[in-house]
Amino acid sequence: MPARLVVLVSGSGSNLQALLDATTDPAYGAEVVAVGADRTGTGGVARAGQAGVPTFVVPVGDFAARAEWDKALTAACAGYRPDLVVSAGFLKLVGAAFLAEYGGRYVNTHNALLPAFPGIHGPRDALGYGVKVTGATLHFVDAGVDTGPIIAQVAVPVLDDDTEESLTERIKVAERGQLVEYVGRMARQSWTVTGRKVTVL
Ligand code: GRF
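So, here's what we can say about the structure. (Residues numbered from 1 in each chain as written. Predicted model: local features only at pLDDT ≥ 70, side-chain atom pairs only at ≥ 80, totals over all residues. Heavy atoms only, no water.)

Moving on to the site of the ligand. In the vicinity of the ligand, the contacting residues are Gly 11, Ser 12, Gly 13, Ser 14, Asn 15, Gly 89, Thr 109, His 110, Asn 111, Lys 172 and Glu 175. In the model, an oxygen atom of the ligand is placed 2.6 Å from a nitrogen or oxygen of the Ser 14 side chain. Considered on its own, the ligand offers 370 Å² of accessible surface; in the complex 87% of this is hidden by protein. A molecule is said to occupy a pocket when more than half its atoms come within 2 Å of that pocket's grid points, and by this definition the ligand occupies the largest pocket. (Near = heavy atom within 4 Å. Polar contact = N/O pair within 3.5 Å; in protein donor to acceptor, adjacent residues only side chain to side chain. Areas by Shrake-Rupley, 256 points an atom, 1.4 Å probe, with all protein chains shown as cover. 1 Å grid on protein atoms, 1.4 Å probe; cavity = no way out; pocket = protein on both sides within 12 Å on 5 of 7 lines; lining within 4 Å. Sits in = over half its atoms within 2 Å of the grid points.)

What follows covers the pairing of strand β6 (residues 133–140). With seven of eight residues buried, β6 is to be regarded as a mostly interior element. Pairing of strand β5 (residues 106–110) with β6, which is carried by four bridges, proceeds in the antiparallel orientation. Across the sheet, Thr 109 pairs through a bridge with Leu 138, a residue of β6. (Buried < 20%, exposed > 50% of the residue type's maximum accessible area, 1.4 Å probe, protein only. Helix = DSSP H or I, 4+ residues; strand = E, 2+ residues; numbered from the N terminus. Pairing = 2+ DSSP bridges.)

A separate point is the nonpolar core. Core analysis: the largest hydrophobic core is formed by 33 residues, its most contacted members being Val 7, Leu 19, Val 32, Val 35, Val 86, Ile 151 and Val 183. At six residues, the largest contribution of residues to this core is made by helix α6 (residues 164–188). Here Val 35 is in contact with Val 7, Val 9, Leu 16, Gly 44, Ala 48, Val 53, Pro 54, Thr 55 and Phe 56, once residues within four sequence places are set aside. (Core = buried A, V, L, I, M, F, W, Y, C linked by side-chain atoms within 4.5 Å. Contact = heavy atoms within 4.5 Å.)

Quick look at the packing of aromatic side chains now. Counted according to the given criterion, the structure contains five aromatic pairs. Considering the side-chain rings of Phe 98 and Tyr 102, the 5.1 Å spacing of their centres and the 50° angle between planes classify their relative orientation as tilted. Within this pair, Phe 98 and its partner Tyr 102 are both found in helix α4 (residues 96–102), separated by four residues, close to a single helical turn. A network of ring pairs unites the aromatic residues Phe 98, Tyr 102 and Tyr 106 as a single cluster. (Phe/Tyr/Trp six-rings, centres within 6.5 Å; stacked < 30°, edge-to-face > 60°.)

Next up on the list: the packing of helix α1 (residues 14–22) against helix α2 (residues 43–50). For the pair α1 and α2, interaxial distance at closest approach is 9 Å and the crossing angle is 20°. The angle between the axes of α1 and α2 places the two elements in the roughly parallel class. Crossing of α1 over α2 shows right-handed handedness. Every residue of α2 that contacts α1 at Ser 14, Leu 16, Gln 17 and Leu 20 is listed here: Gly 44, Arg 47 and Ala 48. Broken down by class, the residue content of the contact of α1 with α2 amounts to three nonpolar, three polar and one charged. (Axes fitted to C-alpha atoms, helices over the stretch in contact; angles between N-to-C directions. Parallel < 35°, antiparallel > 145°, perpendicular 65-115°, else oblique. Left-handed = near helix turned anticlockwise from the far one by under 90°. Nonpolar A, V, L, I, M, F, W, Y, C, P; charged D, E, K, R; others polar.)

In structure tokens form, the structure reads like this:
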């Protein structure tokens, strides 16, 4: 049986698209069973619709308390019985209920080489700092902001004439390849986490 993936998005969904493309090959070992978003009108949800994948939207603003949103998001995911939940440009921090259910099998792709430049402006912050190498990090999600154990990293150069846009796009190309490779390996095989050290077998 292929592993069941729920992918969470807030934006254009190019990482999601890479996973959708990969899962058309049965040998990949995983299928996207649902795509969830925290807002309406995202490119990611539109891509899922085009691929015939069920979608759900759980906006924070629909709930009086953040914890209630967190429980609703957890329940929406649980309805699809995921083996792995993938944050692919999902711009919300999940809370205790979500982590109680999916901690240890909730992964996020971040567009910087953690622990450098966490948060939502990874490429901008890397450019502003003047680093010569940056990249993307796939990591487990814990209660912090981009602080969980690191699964994989890929580096890209920062070029002298880079803008935030050009650097963002260079990172995204490498990021998509890494996401597809490691989610597939995690789906087909297994992994260990010892302290902060992750080994994908
Ligand atoms: C990715 O680069 C991710 O690292 C960042 O947002 C971007 C999402 O892009 N948090 P997309 O929606 O997958 O195109």
